[in-house]
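Letter by letter, the chains look like this.
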Amino acid sequence: MLTGADGRATGLRQQVRDFLAGHDPAALPRLEFLRARFDAGLAWVHYPAGLGGQGLSRSLQAAVDAEFAAAGAPDNNPARIGIGLGMAAPTILAFGTQEQKERWLRPLWTGEEVWCQLFSEPGAGSDLAGLATRAVRDGTGWRVSGQKVWTSIAHVARWGLLLARTDPDVPKHAGLTYFGLDMTQPGVEVRPLRQLTGEAEFNEVFLTDAAVADTDRLGAVGEGWRVAQATLMNERIAIGGGALPREGGMIGLAAAAWREHPEARTPGLHDRLIRLWADAEVARLAGARLRQQLAAGQPGPEGSAAKVVFARLNQDLSAFELELAGAAALAYDDWTQRRPESVSFFGRGPGYRYLRSRGNSIEGGTSEILRGIIAERVLGLPAEPRTDTKVPWKDLPR
Ligand SMILES: Cc1cc2nc3c(=O)[nH]c(=O)nc-3n(C[C@H](O)[C@H](O)[C@H](O)COP(=O)(O)OP(=O)(O)OC[C@H]3O[C@@H](n4cnc5c(N)ncnc54)[C@H](O)[C@@H]3O)c2cc1C
């Protein structure tokens, strides 16, 4: 008889088979199938019952996904809804009201509603708490005006995770409030921003008296900084802590290129590849441990390390690939200004990976900022002196 995690995984696999017996993925429309999977608690098993899950350990999800994949069932296209799954959902789960959870989580998971993140501004990136976008009371709701920038996927988003200033007269971290913003209203203008790769994956977003219902506020008024921390901690894990098989991801591409091009090998490149392979394997195992430690909702600052390592590895691996490819790598595959709906390092040439990975050490918190977080909040080193707040920095939730 199987006990513990093995027994629970076996039970879950049986649940999936029972579900499939009543919901033929080949016969049902994709969306209907996904909605039924959510309602059966087989979407994300670590979420609560009634919200797509069963309150189980996150580690059991792999067994469920594998069973659905083996049956040829459609998935929710996780690459397209990465911000929703990795950042919006855990924030809503941790800080949302029951009504918000019921309204937002199901269409988020099925992919019917895409989410984007309206945090960064032209004058506020690393210093996010200095943001200037204002939300002012308007009857029972709020009106929002300001400018956001680098907003990935805003051009297809139905909802935005909005951090706005609701009180300019208190220390900057205390004057922020967090909302879910309807991106489809007239006061929201989304303009493409072309990036180094030639694509316009992100945007600038102009908000002019955009309306937000008070029922779309996440957390208390003035509590936005604390809510934003949940989003940011989850973002770092979403970017840097993904599940991979051994030699999966970017190291797999570099190793494949090495095997395919014996003529390009040099002892120096061989040495680099071996080091990178070992680093990638250590990062993969550390990521697996991190995910096992996570309860649903609110991870701690440890995810910052996974994100720093992810960025460095991607940059080193793509540089390795480029060098191995020699002159051929200088011919970039496609400069068309597209507005992609998801980001993938696969299916493109090494030049794209080299250019796109530059952003990995900026997005989701720069590597410099994350090293500061690791130093102070993981290693317990003394904090750097800060001069920009009216209250002691130490007392502020970061
Ligand atoms: C591909 C990509 C996608 C993005 N998507 C989104 C998105 O969807 N939504 C969103 O809101 N934002 C998004 N961003 C923005 C991103 O979060 C910011 O670019 C990032 O936080 C840095 O802010 P900044 O660009 O204003 O740089 P700055 O904060 O001006 O930093 C400039 C440089 O100074 C360094 N620096 C700043 N302060 C310190 C300090 N205290 N100590 C040491 N060094 C410091 C930084 O490390 C950096 O090297 C995205 C960025 C990229 C590249």
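This text gives an overview of the structure that appears in the document.

Focus on the packing of aromatic side chains
For step 1, the next point in the chain: Taken as a whole and assessed by the stated rule, the structure comprises 15 aromatic pairs.
For step 2, the next point in the chain: Between W104 and W159 the ring centres are 5.4 Å apart and the planes differ by 70°, which places this aromatic pair in the edge-to-face class. Pair noted here: W104 is in helix α5 (residues 98-110) and W159 is in strand β4 (residues 159-165), with a separation of 55 residues, a long-range link.
For step 3, the next point in the chain: Given the relative accessible area of 1%, W104 is considered buried.
For step 4, the next point in the chain: Ring pairs connect the aromatic residues F38, W44, Y47 and W109, which therefore count as one cluster.
For step 5, the next point in the chain: The side chain of R191 reaches across the aromatic face of F206, ending 4.1 Å from its centre.

Regarding the site of the ligand
For step 1, the next point in the chain: Every one of the 17 residues lining the ligand counts as a neighbour, but S120, S126, W150, T366 and E368 are closest to it.
For step 2, the next point in the chain: Separating a nitrogen atom of the ligand from a backbone N or O atom of Q117 is a distance of 2.8 Å.
For step 3, the next point in the chain: Side-chain polar atom of S152 to a nitrogen atom of the ligand: 2.8 Å apart, as the coordinates give it.
For step 4, the next point in the chain: Taking 980 Å² as the accessible area of the ligand by itself, protein coverage stands at 65%.
For step 5, the next point in the chain: Considering only residue class, the shell around the ligand consists of five nonpolar, nine polar and three charged.

Points about the side chain of K307
For step 1, the next point in the chain: Positionally, K307 belongs in helix α9 (residues 303-325).
For step 2, the next point in the chain: Here K307 is buried and forms no salt bridge, its nearest opposite-charge partner E363 lying at an N-O distance of 6.2 Å.
For step 3, the next point in the chain: The residues touching K307, leaving out its near neighbours within four places in the chain, are R236, I239, G240, N360, S361, I362, E363, G364, G365 and L370.

What counts and how
- Numbers given for residues are sequential positions, taken from 1 along each chain in its written order.
- Restriction of local features to residues with pLDDT of at least 70 applies here, the model being predicted, together with a cutoff of 80 or more for giving and counting side-chain atom pairs; totals for whole chains, interfaces and linings are based on all residues.
- Excluding hydrogens and water, the side-chain values take into account all heavy atoms of the structure.
- Ring pairs shown here join Phe, Tyr and Trp side chains whose ring centres sit within 6.5 Å, with only the six-membered ring taken for Trp; geometry is labelled stacked below 30 degrees between planes, edge-to-face above 60, and tilted in between.
- To qualify as a helix, a DSSP run of H or I must reach at least 4 residues; to qualify as a strand, a run of E must reach at least 2; elements of each kind are numbered from the N terminus.
- Burial classes: relative accessible area under 20% of the type maximum marks a residue as buried, over 50% as exposed, and values in between as partly exposed (1.4 Å probe, protein chains only).
- Whether a charge lies above a ring is judged from NZ of Lys or CZ of Arg, which has to be within 6 Å of the ring centre and within 35 degrees of the ring normal.
- Summary of the distance rule: residues count as near a molecule or strand when at least one heavy atom falls within 4 Å of that molecule or strand.
- Pairs of N or O atoms within 3.5 Å make up the polar contacts considered here, provided that, within protein, one atom can donate a hydrogen while the other can accept it, and that residues adjacent in sequence are counted only when both atoms are side-chain atoms.
- Surface exposure here means Shrake-Rupley accessible area, sampled with a 1.4 Å probe, where a residue is shielded only by the protein chains that are shown.
- Polarity classes work like this: nonpolar for Ala, Val, Leu, Ile, Met, Phe, Trp, Tyr, Cys and Pro, charged for Asp, Glu, Lys and Arg, and polar for all others, with Gly in that last group.
- When charges are tallied, Lys and Arg are placed among the positive residues and Asp and Glu among the negative ones, while His and the ends of the chain are skipped.
- Salt bridge, as applied in this entry: a Lys or Arg side-chain nitrogen positioned within 4 Å of an Asp or Glu carboxyl oxygen.
- The contact criterion used is simple: two residues touch if any of their non-hydrogen atoms lie within 4.5 Å.

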